[in-house]
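The chain contents come next:
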Amino acid sequence: MKKKNQMRRADTVVVLDFETTGLSPTMGDRAIEIGAVLVEEGRVTDRFQELMNPGFRISGFIESYTGITNAMLRNAQPCDEVMDRFANFIQGHNLVAHNASFDRRFLDAELERINRSYTGQFACSMLISRRIYQDAPNHKLESLVRFRHIETDGTFHRALADSEMTAKLWLLILEDIRQRYDISETPFSLLQTVSRTSKTAVHRFLSTR
DNA sequence: TGCCAGGCCCTCTTTAGGGCCTT
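This report concerns the structure included in the present document. Positions within a chain are numbered from 1, following the residues in the order the chain's sequence is written. Here every chain gets a letter starting at A, and every ligand a number starting at 1, in the order they are written. For this predicted model, a pLDDT threshold of at least 70 governs which residues receive local features, and a threshold of 80 or more governs which side-chain atom pairs are given and counted, while totals over whole chains, interfaces and linings are taken from all residues. In computing side-chain properties, one takes all heavy atoms of the structure into account and sets aside hydrogens as well as water.

Details of the side chain of S163
Next up, step 1: To qualify as a helix, a DSSP run of H or I must reach at least 4 residues; to qualify as a strand, a run of E must reach at least 2; elements of each kind are numbered from the N terminus. Counting through the fold element by element, S163 comes out in helix 8 (residues 159-181).
Next up, step 2: Each residue is assigned to one of three classes by its accessible area relative to the maximum for its type, calculated with a 1.4 Å probe on protein chains only: buried under 20%, partly exposed between the two thresholds, exposed over 50%. A relative accessible area of 0% means that S163 is categorised as buried.
Next up, step 3: In terms of polar contacts, S163 uses its side chain to reach the backbone carbonyl oxygen of L160, at 2.8 Å.
Next up, step 4: When checking whether two residues touch, look at their non-hydrogen atoms; a contact exists if any pair is within 4.5 Å. Leaving out residues up to four positions away in the same chain, S163 has contacts with V15, L16, D17, G35, A36 and V37. Think of a polar contact as two N or O atoms within 3.5 Å of one another; within protein, one of them needs to be a possible hydrogen donor and the other a possible acceptor, and neighboring residues in sequence only count if both atoms come from side chains.

Now the structure itself:
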């Protein structure tokens, strides 16, 4: 029983997604929305979603791309306050994001500003999808949602909606690996290894588990 | 108005270049 509970804790992840003013925190870009879901034992048990005011006007492109407007951000709380609460939300959990290198850069940059940190490790649903779903048309989140017939209300490029869909994709990836390779457990460390294994070697790796 | 970065991965590769993905 103890071993089973330990495995369950290892399977707990926070799936997160940032909307931002651009692509690079080192070029001055900031977060404008964070969305995240806590996934425990195969289902979403908690959610986090907040807009945040970056302290400057966002571009028309970002308004159009995300649907988040300057008017919506005018009365939002500053990034520092929102990210302080988000640091509490992710405390102690491993993290998942689609193209995780992007979200990790913004998470690191925003938390560094407020002298907060996190202990969890990242896994990337995009890198794993490239290995597990090699016949997908491409590996954009929206395309994978269609490819795996994931239910959606049609909202994309908003933080909570994208994190919810990434969480559903994550759970399908785990289920597909279990079924395809007859594996009973898919701990976080296994998925991290999959994301680092070459596309040509990943089938052999999982077949020998 | 239009552009910016960075990690991963493939190939016509590794003394490089370019596409994919994220906003």
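What to know about the pairing of strand 2 (residues 31-40)
Next up, step 1: Where burial is concerned, most of strand 2 is hidden: 9 out of the 10 residues are buried.
Next up, step 2: Only strands that DSSP links by at least two bridges are regarded as paired with each other. Where strand 1 (residues 13-20) meets strand 2, 8 bridges bridge the pair, whose relative direction is antiparallel. Opposite D17, over in strand 2, you have G35 as the bridge partner.
Next up, step 3: For strand 2 and strand 3 (residues 43-51), the ladder comprises 8 bridges, and the chain directions are antiparallel.

Comments concerning the packing of aromatic side chains
Next up, step 1: By convention, a stacked pair of Phe, Tyr or Trp rings (six-membered ring in the case of Trp) has centres within 6.5 Å and planes under 30 degrees apart, an edge-to-face pair has planes over 60 apart, and any other such pair is tilted. Scanning the model with the defined rule gives 9 aromatic pairs in all.
Next up, step 2: With a centroid separation of 5.4 Å and an interplanar angle of 50°, the aromatic rings of F48 and F89 are classed as tilted. Here F48, found in strand 3, pairs with F89, found in helix 4 (residues 79-90); they are 41 residues apart in sequence, far enough to count as distant.
Next up, step 3: Classification of F48 as buried rests on a relative accessible area of 9%.
Next up, step 4: These aromatic residues form a ring-pair network of at least three members: F18, F48, F86 and F89.

Some remarks on the protein's contact with DNA strand B
Next up, step 1: Summary of the distance rule: residues count as near a molecule or strand when at least one heavy atom falls within 4 Å of that molecule or strand. Around DNA strand B lies a shell of 29 residues, among which E19, Y65, N99, R131 and H139 are the nearest.
Next up, step 2: Among the atoms of DNA strand B lying within 4 Å of the protein, the sugar-phosphate backbone contributes 66%.
Next up, step 3: Backbone polar atom of T20 to a sugar or linking oxygen of DNA strand B: 3.0 Å apart, as the coordinates give it.
Next up, step 4: At a separation of 2.6 Å, a phosphate oxygen of DNA strand B approaches a polar backbone atom of H139.
Next up, step 5: Looking at the surface near DNA strand B, the elements with two or more residues in it are strand 1, helix 2 (60-66), helix 5 (100-113) and helix 6 (125-132).
Next up, step 6: Side-chain classes follow a simple rule in which Ala, Val, Leu, Ile, Met, Phe, Trp, Tyr, Cys and Pro form the nonpolar group, Asp, Glu, Lys and Arg form the charged group, and the remainder, Gly included, forms the polar group. Each residue belonging to the surface near DNA strand B can be placed in one class, and the counts come to 10 nonpolar, 11 polar and 8 charged.

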